[in-house]
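One letter stands for each residue in the lines below.
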Amino acid sequence: MSAVNRATVEAVLRQYTDPYMNQDPVSAGCVRAIEIDGDRVSVHLELGYAAALFKNGWAQMLQMAIEGLDGVASASVQITSVIHSHKALGQIPGLANVKNIVAVASGKGGVGKSTTAANLALALSREGARVGILDADIYGPSQGVMFGIAEGTRPKIKDQKWFVPIEAHGIEVMSMAFLTDDNTPMVWRGPMVSGALLQLVTQTAWNDLDYLVIDMPPGTGDIQLTLAQKVPVAGAVIVTTPQDLALLDAKKGVEMFRKVNIPVLGVVENMAVHICSNCGHAEHLFGEGGGERLATQYGVELLASLPLSMLIREQADGGKPTAIAEPESQIAMVYQELARHVGARIVLQEAATAEMPNISVSDD
C-alpha cells in the first residue's frame, strides 16, 4: 500500500472540472485544506458562488475519486460557499449591505426580462444566497405581481430616511409600484426617472444581501446609462429571444454595458422553442440559435435557453414563479443552472480584474 500525500490528492482534484468555473478546484483556488491522517483524507473546498443544490453531489463525486487512490481507506469532502463583495471601479461608491449587483437587461420589451429576473432571484435564494430584487422598470413595474405582493402594499419607513423592502418568498423586493397608484401612469422625464431610481437603490434598507438583482427597464437610454454609471453593478445578464429584431436590440444592450465598463456575464435566450401541449411537436416560432450566435459574437456565455411555455407565464402572473412553483421541474432546473453560472461568472470577472496590471500615464 503506497502512502498518500497532498500532491496525490491534488492530482486527483485536478482531474475534475467545476462546470461553472470551467476550472478544476485546485486551479480555481478553491482548496482551503487537505488533511491526511494515515489512510483517511479530508478536504475542504470553498466556492465563491451560491451552490447549495450542487455542492453535495460535487462533494460526493470528489470523495469517491479520492477514495479510489491507493492508500486511502476513507475520504470526506466538505464544500462551503463564501460570497465576496464586488469591488466597484473608479469613483462609484459601494452599496451598503449589498455584496453584488446583477443587472438583468434587454434591448426591447416583451422578451421575458422581468420573468427571468424574478426566477434568477429565486434560484439564487434556493442556492443558499441572501437575495433582493429591485424593479427598476418605472413605466411597467411587474415584480410585485410576480412575487404575489398584494396591490396597495407600501414599504415601511425606517428613521425617516430608509425604505424597508417587502419580503416575499424569502426575497427582499422593492419597486416604484409600491410608492405609486397602479392606476396612475408615470409621466416623468428622463432625469426625474433616473433620480427616482437612484433614490430607490441607495435609500432602501437592504439587509446584508449577497446578490441584488435589478430588473432594468428595456432599452439603452438615459435611465440605463445613469444606473450603469452611478451604481456598482458587478455584471449584466442580457435577455433576448431568437428573433432577429430582438437580437439587434440585444446587441445594443451589450454594447452599452461594455462602454460603461460593466461586464456582460452572458445571454439568456427566451422563447427558444415551443412544444405543443397536445401533440408534443416542437417549433422554433421566433427563429433558432439566435442567442447562441449573439453570445458567440461577443465572446460571452449562453447562460440559459428557455422554451416558450404557458406554464412560465401563468406561474409568474400567479405570484409564484417557476423556480419555486415547481422546483423539481426541468424548467426550474434551467433557472438553477442560470443562477450558478451567474454567480460563478462574477467570481471569474473579479479574478480577471484583479490580475489586470495598473497602467499610469504621465506627461513626462
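Just so we're clear, the structure is a prediction, and the values are computed from it rather than from any experiment.

Undergrad: I'd love a proper account of the pairing of strand E4 (residues 98-105), names of residues and values included.
TA: Counting buried positions along E4 gives seven out of eight residues, so the element sits mostly inside the fold. With four bridges connecting them, E4 and strand E11 (residues 235-240) associate as parallel partners. When the bridges of E11 are listed, Val 102 appears paired with Gly 235.

Undergrad: Please give an account of the nonpolar core that cites residues and values.
TA: Core analysis: the largest hydrophobic core is formed by 112 residues, its most contacted members being Ile 66, Phe 147 and Phe 257. Per-element tally for this core: the top contributor is helix H11 (residues 330-355), with eight residues. Counting only domains with at least three residues in this core, you end up with domain 1 (6-81) and domain 2 (93-354). Setting aside anything within four residues of it in sequence, one finds Phe 257 in contact with Ala 103, Ala 105, Met 216, Ala 236, Ile 238, Ile 262 and Val 264.

Undergrad: Hey, could you go over the packing of aromatic side chains for me, with residue numbers and the actual values?
TA: Using the criterion set out here, one finds three aromatic pairs in the structure. With a centroid separation of 5.0 Å and 85° between ring planes, the pair formed by Tyr 20 and Phe 54 is classed as edge-to-face. Of this pair, Tyr 20 sits in the loop between helix H1 (6-13) and strand E1 (31-37) while Phe 54 is found in the loop between strand E2 (40-47) and helix H2 (55-67), placing the two residues 34 residues apart along the sequence. Assigned by exposure class, Tyr 20 and Phe 54 land together as buried.

Undergrad: Tell me about the sheet that holds strand E12 (residues 264-269), and please be specific about residues and values.
TA: The strand order E8-E9-E5-E10-E4-E11-E12-E15 describes an open sheet built from eight strands, whose pairing is mixed. Edge positions in the sheet fall to strand E8 (166-168) and strand E15 (301-305), since each of these pairs with one other strand and no more. Averaged over all adjacent pairs, the angle separating strand axes in this sheet is 25°, with direction ignored. Of the strand pairs in this sheet, E8 and strand E9 (residues 171-175) are connected by three bridges, and their pairing is antiparallel. The residue bridging Glu 167 from the neighbouring strand is Glu 172, located in E9. Most of the contacts of helix H3 (residues 113-126) go to strand E10 (residues 209-215), to which it runs at about 170°, and overall it touches E4, strand E5 (131-135), E9, E10, E11 and E12.

Undergrad: Please set out unusual backbone geometry residue by residue, giving values where relevant.
TA: Unlike most non-glycine residues, Asn 22 shows phi in positive territory, near 55°. Looking at the element boundaries, Asn 22 is found in the loop between H1 and E1. Within the chain, Asn 97 stands out as a residue other than glycine whose phi angle is a positive 65°. Within the secondary structure, Asn 97 is located in the loop between strand E3 (74-81) and E4.

Cut-off values and rules
- Residues numbered from 1 in each chain as written.
- Predicted model: local features only at pLDDT ≥ 70, side-chain atom pairs only at ≥ 80, totals over all residues.
- Heavy atoms only, no water.
- Buried < 20%, exposed > 50% of the residue type's maximum accessible area, 1.4 Å probe, protein only.
- Helix = DSSP H or I, 4+ residues; strand = E, 2+ residues; numbered from the N terminus.
- Pairing = 2+ DSSP bridges.
- Core = buried A, V, L, I, M, F, W, Y, C linked by side-chain atoms within 4.5 Å.
- Domains from an automatic or database assignment.
- Contact = heavy atoms within 4.5 Å.
- Phe/Tyr/Trp six-rings, centres within 6.5 Å; stacked < 30°, edge-to-face > 60°.
- Axes fitted to C-alpha atoms, helices over the stretch in contact; angles between N-to-C directions.

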